Structure formats: C-alpha cells, structure tokens
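# Chain and residue survey
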Amino acid sequence: MDAQQDARGDGEAGSPARPIAYASGYGPDIQWLSLDAANGALAKVGSVASFGTAPSFLAVDPGVAHLYAVDEASPGRVGAYTIDPATGALSFLNAVASGGDGPAYVGVHPSGKWVLVANYTSGTAAVLPVQAGGLGAATSTVSPGANAHMIVSDPSGHFVFVPCLGSDYVAQYVFDATKGTLTPNAVPHVATAAGAGPRHLEFHPNGKMAYLINEKDSTMTALSFDANAGTLTPVQTVFTRPGGFNGANTAAEVHVHPSGKWVFGSNRGDDSIAVFPLDSTGHMGAGSFPKSGGTTPRDFGLDPTGTFLYVANQGSSNVVSFRFDAAAGTLTQVGSPVTVPSASFAGVFDLP
C-alpha cells in the first residue's frame, strides 16, 4: 500500500477512507458534498436548514460524529448536529448561547469533550461542554481582547490561544480539561505589529511552530511554541499578497499542509491563495500566489491527505476545488465550482 492509500485508510487494513465535505456561509443552509477521491471534484449531496441565519463557520469533532455551527448573530449561538456515519447527513440536536455577540469561529478541543467559540463583536470567548444531547451552557467565559476572531488549543490541549484582531495580540490561556475553564497564562499575550489585525492561527504538525495570519496588513507570522510554558514567540513575518499588488487586500485563513512542508493563506482583494514552502526550521520561503477561482476567498480547507484544497469564495458564492502538487507547490483547479451562498466555510473530513 502506498503512502497516499495508507493516509486515506481509517485505521483498518484495506479500508478506504470515505471523505465528506461540509460547506456553509451567510445563506440559510449547511451543505454536505461528496468528494471524488480520484480527481477531487465536489458534488452536492444534501443540505439542512441552519438553526440560525448565518452559519458562517463550522467545526467537526475528532471522531467525525458531530458538527458544530455558529450563528453569527447578536446574541450569538452555537448549534450541534449529529453526523450520519454512512452518508454524512446532518441532524440537529440543540443550540446554546455562545457567550457573546457575533461569534466568528467555533472549534473542538482535541479531547472532543469541549467546544470553543470566539465572539468577534463582544470580544469574548467561551467553553461549551459536549453532552449526550448536544451542547451545554458555557463552563467558562473570558474577555481576551477586542474582536476575538478565533480560539484554538495547542496539540496537547493544555493551552488555548485567541487572536484578537482589534487588540493586535494573541491572548494565551491555560486550559483545565477537567473543569472546562480558561485561566490567563503567566504571559497573557503575544503582540503583533501595530495595525496587523491577527485573525487565525494554526499549529505545525510537529507542535513546535504555529502560523498566524494577520488580516489588516496582509501578513503571515511564524511563531515558535514553548510546549512547557504554553507561549508563542514570533520569529518571522512575510507578506501574504504578491509583490506589485497595490490594491486593497485583507488576509483571512491559514492552514499548514499535513506534511509540514507548506503553509497556505488566503487573500481577499488579490483573490489568491498564498503558498509558502517551509524549511526544516519552520521558516517560510518565497511564496507563490495562485488565484482562488472566485472572489473574496474567506476560507479554505485541505482534505486529510493534503492532496486537494477547497476554497470558499464569499464574493462569488462558490466553493472551488484544486489539486495540490506537494512536490512543486502548485494548485490546479479541478471539477466545477459548487454554489454556496456567500460561502465562508469549506472543510473535508473522513467518515469513520
């Protein structure tokens, strides 16, 4: 069995992976889509009416048994759905308060026992317990800074980070995985450049580095991670937009390739995906900037093997599929775009 086939297995010898894609935006539905494992093309299979008016961001638990969606409203809510293991279809369970206004991001703790939500409008973040019937009321609500745009734990689950776009720092917390509580770290913040607007953060597979995309100044920052102290330290910052581009641009999403050899960012304005090679130290090399296949790429996601990349273009209301050449670092569009109203999320997961 070759490496790609092994990566697509579900843990049982000879069992092929069964990828499923989920997409949403500022429209009324959450969609699930099939993925052609040979060419990466997406096709809509079904949809469910969202519990709220703006399911702008989604998250799936480690076992691919539940999906969580924000309702980007005021007051905000987070909804829970079960995932049919055979088809990927969604069934609504319940919705609870997000602990603030305008939730922009929802994620799941590595344990699968807690859901983390960042409320952009109110600048708060909350921890929601996973229960048999869905989600429970928040066990912890904190105020990390202005315009909290994301909340994510380190790979160990011991520490939590909240990029605060309006405060130009990433708040750092210690997480109690028994009680579901957040406590400010001894070093409570790591600062960005003034006016950078830190938005989203993702850890390298080796757990030693993380990458922060900054919305306002269109930059990507590489940070080293001290796994004992739970703190981040900036080591390099580069522009996400191509040289010579002088128009208005804001950066949005960041993801690290499963190989750990590439990091990607999205540009809204240039309408491109920045692709940076990573060396053995985690530093970024010279980037390339292929177009996103639409306008205003709000979000994008990779399939679990890193073979395909899917871009949610909010301005053109579509999700566009690309094949990624991990040797050359190139993106090639495949299949036809899928319509998703005001698309703001696209993610691919392997059904159990």
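Use the structure listed above.
In this text the structure is predicted, and so the values were computed from the model without any measurement.

### Regarding the side chain of Asp-71
Secondary-structure assignment places Asp-71 in strand 5 (residues 66-71). Judged by relative accessible area, which is 5%, Asp-71 ranks as buried. With residues near it in sequence (within four places) discarded, Asp-71 still touches Phe-51, Gly-52, Thr-53, Ala-54, Gly-76, Arg-77 and Pro-103.

### Notes on the sheet that holds strand 4 (residues 58-60)
The four strands are arranged 4-5-6-7 in an open sheet whose pairing can be described as antiparallel. Lying at the two open borders of the sheet, with one neighbouring strand each, are strand 4 and strand 7 (90-97). Taken pair by pair, the neighbouring strands of this sheet meet at an average axis angle of 20 degrees, ignoring direction.

### Things to note about the environment of Gly-157
Tracing the chain through its elements places Gly-157 in the loop between strand 13 (152-153) and strand 14 (159-164). What makes Gly-157 buried here is its relative accessible area of 2%. A sequence separation of 120 residues divides Gly-157 from Ala-37, and the C-alpha atoms of the two residues are 31 Å apart. Leave out the neighbours within four places in its chain, and Gly-157 touches His-109, Pro-110 and Phe-175.

### Considering the packing of aromatic side chains
A ring pair, where both rings are aromatic, is described by two values, the distance of the centres and the angle of the planes. One pass over the structure, following the stated rule, counts 14 aromatic pairs. Here Phe-51 and Phe-92 contribute two aromatic rings whose centre-to-centre distance is 6.0 Å and whose plane-to-plane angle is 15 degrees, an arrangement assigned as stacked. Placement of Phe-51 in the loop between strand 3 (42-49) and strand 4 and of Phe-92 in strand 7 is noted, with a sequence separation of 41 residues between them. We classify Phe-51 as buried; its relative accessible area is 16%. Here Phe-92 falls in the partly exposed class, since its relative accessible area comes to 43%. Consider the rings of Phe-57 and Phe-345, whose centres lie 5.1 Å apart with planes at 75 degrees: the pair is edge-to-face. Of this pair, Phe-57 sits in the loop between strand 3 and strand 4 while Phe-345 sits in strand 28 (residues 343-351), and the two are 288 residues apart along the sequence. Look at Phe-57 and you get buried, because its relative accessible area is 9%. Following the ring pairs from residue to residue traces out a cluster consisting of Phe-159, Phe-161, Phe-203 and Phe-225.

### Points about the side chain of Asp-303
Its place among the elements puts Asp-303 in the loop between strand 24 (297-302) and strand 25 (308-313). Among the polar contacts made by the side chain of Asp-303, one reaches the side chain of Thr-305 at a distance of 2.8 Å. Of note is the side chain of Asp-303, whose polar atom sits 2.8 Å from the backbone nitrogen of Phe-308.

### Overview of the sheet that holds strand 16 (residues 181-191)
Pairing is antiparallel in the open sheet, where four strands are placed in the order 13-14-15-16. Because the sheet does not close on itself, it has two edges, and the strands there are strand 13 and strand 16. Two strands pair when backbone bridges link them, and strand 14 and strand 15 (residues 169-176) are joined in this way by six bridges, in the antiparallel orientation. By the bridge assignment, Pro-163 is partnered in strand 15 with Val-170.

### Some details on the nonpolar core
Counting residues in each nonpolar core, the largest one holds 60 residues, and the members touching the most others are Tyr-22, Leu-67, Leu-90, Ile-151, Phe-161, Leu-201 and Leu-232. Beyond its immediate sequence surroundings of up to four residues, Leu-90 is in contact with Tyr-22, Ile-30, Trp-32, Val-48, Leu-67, Tyr-81, Thr-82 and Ile-83.

### Looking at unusual backbone geometry
In this structure, Pro-75 follows Ser-74 across a cis peptide bond, with omega equal to -5 degrees. Positive phi is not limited to glycine here, since Ser-218 has a value of about 50 degrees. The phi dihedral of Ser-317 falls on the positive side, at around 50 degrees, and the residue is not glycine. Position of Ser-317 among the secondary structure elements: in the loop between strand 25 and strand 26 (318-325). Judged by relative accessible area, which is 22%, Ser-317 ranks as partly exposed.

Calculation rules
- Residues numbered from 1 in each chain as written.
- Predicted model: local features only at pLDDT ≥ 70, side-chain atom pairs only at ≥ 80, totals over all residues.
- Heavy atoms only, no water.
- Helix = DSSP H or I, 4+ residues; strand = E, 2+ residues; numbered from the N terminus.
- Buried < 20%, exposed > 50% of the residue type's maximum accessible area, 1.4 Å probe, protein only.
- Contact = heavy atoms within 4.5 Å.
- Pairing = 2+ DSSP bridges.
- Axes fitted to C-alpha atoms, helices over the stretch in contact; angles between N-to-C directions.
- Phe/Tyr/Trp six-rings, centres within 6.5 Å; stacked < 30°, edge-to-face > 60°.
- Polar contact = N/O pair within 3.5 Å; in protein donor to acceptor, adjacent residues only side chain to side chain.
- Core = buried A, V, L, I, M, F, W, Y, C linked by side-chain atoms within 4.5 Å.

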